[in-house]
Amino acid sequence: MRKIKQALKLYTNYFLWRRTPILVYSMERTGSIAVFSSLEAHKLFVIGSHYLDPKKLATQRLSGSARWASKYLIRKQKPVKIITLVRRPLENMLSTFARTDYGDKAAHQGESTPQDEPCPRQLSEDFRRNYLETDRYLRPLEWFTSEFQSALGINIYEHSFDKQNGYCRLQEKPYDVLIMRTELPDQQKAQLIADFVGIPSVEMVDPAVAPVNRGRLPAGKPGDKTHYAAKYKALKQNLVIPHNYLEAIVDSPHVQHFFTQEERDEMHAKFCGEVAQDP
């Protein structure tokens, strides 16, 4: 019944009321749930997805909304307003890793105890072995090429990005696109979004408590408010990344395009060094 109601809502908004859709289209763990929830709270016609590439939609189990948007909007190249967020890549990687390798496993195995917490050396080894050496770290660095450009035909690296102010707006017919940094203050993000969608103001909603997400995107609860928060915190505080991987991340086209040299230096300084010894 829920799927039927959602389908009717999509068809009514688009074909009957002829409202311009807003797509919150961003990679996982970038804060897109907060943006999606905030827009939906304002009763706007908003659809959220991490994927719109038809090839991925055909091979993965994704929401009906994403499939609908791909079929009726993207493949037919209809006018759409698209909001995409860019998060600091290493923070994005750690959040994704903690959720999948600690959060998902804990959900099946039950809550961990303090005695179960990994030591600093084990944390770095887990991340290196299960995330870096399996090339999972490449996905967020290549998302704008493998997903965004594949779906929309927009090469983001051909458009300048205001690194100092943390956002840009671009138009490539039929798409109107707003890209902004996840780390921007909520007040600034709210103003950018309001100006972009053409409403007086937007109140940012906390996805950890928002009741409006109704399953169209995975739960957007911040990592420090989850049942695996202790492991996530320890990971952020103790992780050391091997030099070759750290250099590849910091010098990637993605990081160079969206982040200042100062920010890149900070990323390098934060995660380089020697792995902490076992207590």
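Residues numbered from 1 in each chain as written. Predicted model: local features only at pLDDT ≥ 70, side-chain atom pairs only at ≥ 80, totals over all residues. Heavy atoms only, no water.

## Focus on helix α6 (residues 120-132)
- The end-to-end C-alpha distance of α6 is 17 Å, a good match for the 18 Å that 13 residues give at a rise of 1.5 Å each.
- By the burial criterion, the buried members of α6 are L123, S124, D126, F127, Y131 and L132. In a view along the axis of α6, the buried residues occupy a sector of 160 degrees, so they form one face of it. (Helix = DSSP H or I, 4+ residues; strand = E, 2+ residues; numbered from the N terminus. Expected span 1.5 Å × (residues − 1). Buried < 20%, exposed > 50% of the residue type's maximum accessible area, 1.4 Å probe, protein only. Arc of directions from axis to C-beta.)

## Observations concerning the packing of helix α10 (residues 243-250) against helix α12 (residues 261-271)
- α12 packs onto α10 with a crossing angle of 160 degrees between their chain directions and a minimal axis gap of 10 Å. The pairing of α10 with α12 is recorded here as roughly antiparallel in orientation. Crossing angle aside, the handedness with which α10 passes α12 is right-handed. Contacts between α10 and α12 pair H243, L246, E247 and V250 from the former with R264, M267, H268 and F271 from the latter.
- Among the residues forming the contact of α10 with α12, the class breakdown is four nonpolar, two polar and two charged. (Axes fitted to C-alpha atoms, helices over the stretch in contact; angles between N-to-C directions. Parallel < 35°, antiparallel > 145°, perpendicular 65-115°, else oblique. Left-handed = near helix turned anticlockwise from the far one by under 90°. Contact = heavy atoms within 4.5 Å. Nonpolar A, V, L, I, M, F, W, Y, C, P; charged D, E, K, R; others polar.)

## Remarks on the sheet that holds strand β3 (residues 80-86)
- What the five strands build is an open sheet, ordered β2-β1-β3-β5-β4; its pairing is mixed. Each edge of the sheet is formed by a strand with only one pairing partner; in this case those strands are β2 (46-49) and β4 (167-172). Taken over all neighbouring pairs, the strand axes of this sheet differ in orientation by 20 degrees on average, direction set aside.
- Bridge analysis of strand β1 (residues 22-25) against β3 gives three bridges, and the strand direction is parallel. Of the residues in β3, the one forming a bridge with L23 is I82.
- Each of β1, β3, β4 and β5 (175-181) is contacted by helix α8 (residues 186-197), which is oriented at about 175 degrees to β5, the strand it contacts most. (Pairing = 2+ DSSP bridges.)

Purely geometric numbers; function is a separate question.
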